Amino acid sequence: MSHIDFYHRTDYARDMAKQLLQPSALQLQVRSGVFLSGIRRIGKTTFLRQDLIPVLESMGALVIYVDLWSDRSRSPATLVLETVRSTLVQLATPGTQLLDRFNGFNVGAAGFSFGFQVDTVGKAGGATLALAFTELVDKVKTSVVLMVDEVQQALGTEEGSHLLFALKAARDAVNTRPDTSGYVLFLGTGSHKSLVADMATRRSQPFSGAVSTPYEPLGRDFVRWKQLQLQNLANIKLQSELVMWQGFVELGERPEELQHALSQLQSRPEPPDMAFPIICATLASAAADVEISSVEAMGALAGAIFGRIAQGSEAGESGLFSADAVSGYSEQVGMPVDTPQVQNMVDRMIAANLIHRQSHGVYAVADPFVRQVWRQRVAVHLPTIAPAAAS
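Visitor: Can you tell me about the sheet that holds strand E3 (residues 144-149), naming the residues and giving the values?
Guide: Here we have 5 strands laid out as an open sheet, ordered E2-E3-E4-E1-E5, and parallel in their pairing. Taken across any chain shown, the strands that pair with only one partner, and hence form the sheet edges, are strand E2 (62-67) and strand E5 (211-214). Adjacent strand axes in the sheet meet at a mean angle of 15° when their direction is disregarded. Both strand E1 (residues 34-37) and E5 contribute to a ladder of 4 bridges, which runs parallel. Paired with Phe-35 across the strands is Ser-212, a residue of E5. Packing against the sheet, helix H1 (residues 10-21) makes contact with E1, E3, strand E4 (184-190) and E5, and its axis sits at approximately 155° to E1.

Visitor: A description of the packing of helix H3 (residues 76-92) against helix H5 (residues 129-140) should follow, citing residues and the corresponding values.
Guide: H5 packs onto H3 with a crossing angle of 35° between their chain directions and a minimal axis gap of 12 Å. Crossing handedness for the pair H3 and H5: left-handed. Facing H3, whose interface residues are Leu-81, Val-84, Leu-88 and Leu-91, H5 presents Leu-129, Ala-132, Phe-133, Leu-136 and Val-140. Of the residues that constitute the contact of H3 with H5, the class distribution is 9 nonpolar, no polar and no charged.

Visitor: I'd like a rundown of helix H12 (residues 300-311), residues and numbers included.
Guide: Over its 12 residues, H12 runs 16 Å from end to end, which matches the ideal 16 Å to within 8%, given 1.5 Å per residue. Every buried residue of H12 is listed here: Leu-301, Ala-302, Ala-304, Ile-305, Phe-306, Gly-307, Ile-309 and Ala-310. Here the buried face of H12 lies against helix H11 (272-297), helix H13 (323-333), helix H14 (339-351), strand E6 (355-359), strand E7 (362-365) and helix H15 (368-379).

Visitor: Any chance you could break down the pattern of salt bridges for me, citing the residues and the numbers?
Guide: Evaluation of the coordinates by the stated rule reveals 16 salt bridges. Between Asp-172 and Lys-168 there is a salt bridge, with its nearest N and O atoms 2.9 Å apart. With a gap of 4 residues between them, Asp-172 and Lys-168 both fall in helix H6 (residues 158-175), about one helical turn apart. Residue classification places Lys-168 among the partly exposed residues on the basis of a relative accessible area of 27%. A salt bridge links Arg-357 to Asp-198; the shortest N-O distance between them is 3.3 Å. With Arg-357 in strand E6 and Asp-198 in helix H7 (residues 193-201), the pair connects residues that are 159 residues apart, well separated along the chain. The partly exposed category is assigned to Arg-357, whose relative accessible area is 25%. Taking the relative accessible area as the measure of exposure, Asp-198 reaches 14% and is therefore buried. By sharing partners, the salt bridges in this structure join Arg-220, Asp-221, Arg-224 and Glu-241 into a single network.

Criteria and thresholds
Residues numbered from 1 in each chain as written. Predicted model: local features only at pLDDT ≥ 70, side-chain atom pairs only at ≥ 80, totals over all residues. Heavy atoms only, no water. Pairing = 2+ DSSP bridges. Helix = DSSP H or I, 4+ residues; strand = E, 2+ residues; numbered from the N terminus. Axes fitted to C-alpha atoms, helices over the stretch in contact; angles between N-to-C directions. Contact = heavy atoms within 4.5 Å. Left-handed = near helix turned anticlockwise from the far one by under 90°. Nonpolar A, V, L, I, M, F, W, Y, C, P; charged D, E, K, R; others polar. Expected span 1.5 Å × (residues − 1). Buried < 20%, exposed > 50% of the residue type's maximum accessible area, 1.4 Å probe, protein only. Salt bridge = Lys/Arg side-chain N within 4 Å of Asp/Glu carboxyl O.

Put into structure tokens, the structure is as follows:
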């Protein structure tokens, strides 16, 4: 695949890499961990693989990348441990591409030699992650960035909890040394905003005190790049850049959805600037229906609470448990509702990634474009679930 097949966010990647590897005195908190959250399908994984990892490596870091959605039949702990072991094996094996990166250390024909059995790392009676990462940093003499994509998958099980505490212990074992030759830097990314944020902010979590930050979605520059890319193709229907940008926003700034809309445009008879907004609105509505139907499946109380949040401020809605709010829910569902019921439903919707906590007592719809579709339908008195399109 050629370089031009991807829109590279070089500046964003360089800024993030510099904060991780060369933090200023005001940025040292990154060494406690960084948790990057963003809604699904907005390009997080592509950014990590195509931009951030290459920049980190160009600055000398050793990156270990694990995607916890790569095989959801296997436990997160297994995926992380196997990837760590694989990295160690590559460094201990002559002729590997990874070992070649560090050949200036005169490691010899046999590669790096570790003071533990690599295949026992993380196993009962074997080397701990703390020992493994300490030796690894000392061998490569640089910072090691452990990048875990969809990190929230490690939550909810005893095995996942043990893994996170073991990674925290590894971080502390390396980073607290006065003369360490590098740092263990943990970067977790995820599409479940509340869970990812909680991993950095809740005191019960091993990475409490880490940095929690939102992923910056693609902007107008990406649309301009896409427009120029398409202009080089023959016999293609193409809308104006402004119309493409407006459609991209309508689609929740999701590049795959934009590609889908552009493909549909080719078979439409109307002028592109007329057809494209209709296509984007239809696709956005259909995508939002998946989330909205999940709300409605939870019952009338869920719909009442979700509606209050969606109709509130974009920055989030507070007062979900006030007397007035609970009274309003009771009126909407046609039966008495109490505060514990509201709390239980809010927790269920957070777990389903339909809403998330912005801050203490403040909640927002997890996906901004679902909120947008919900508000549009309420404004024109349409059902929140759109009728199925005619075949």
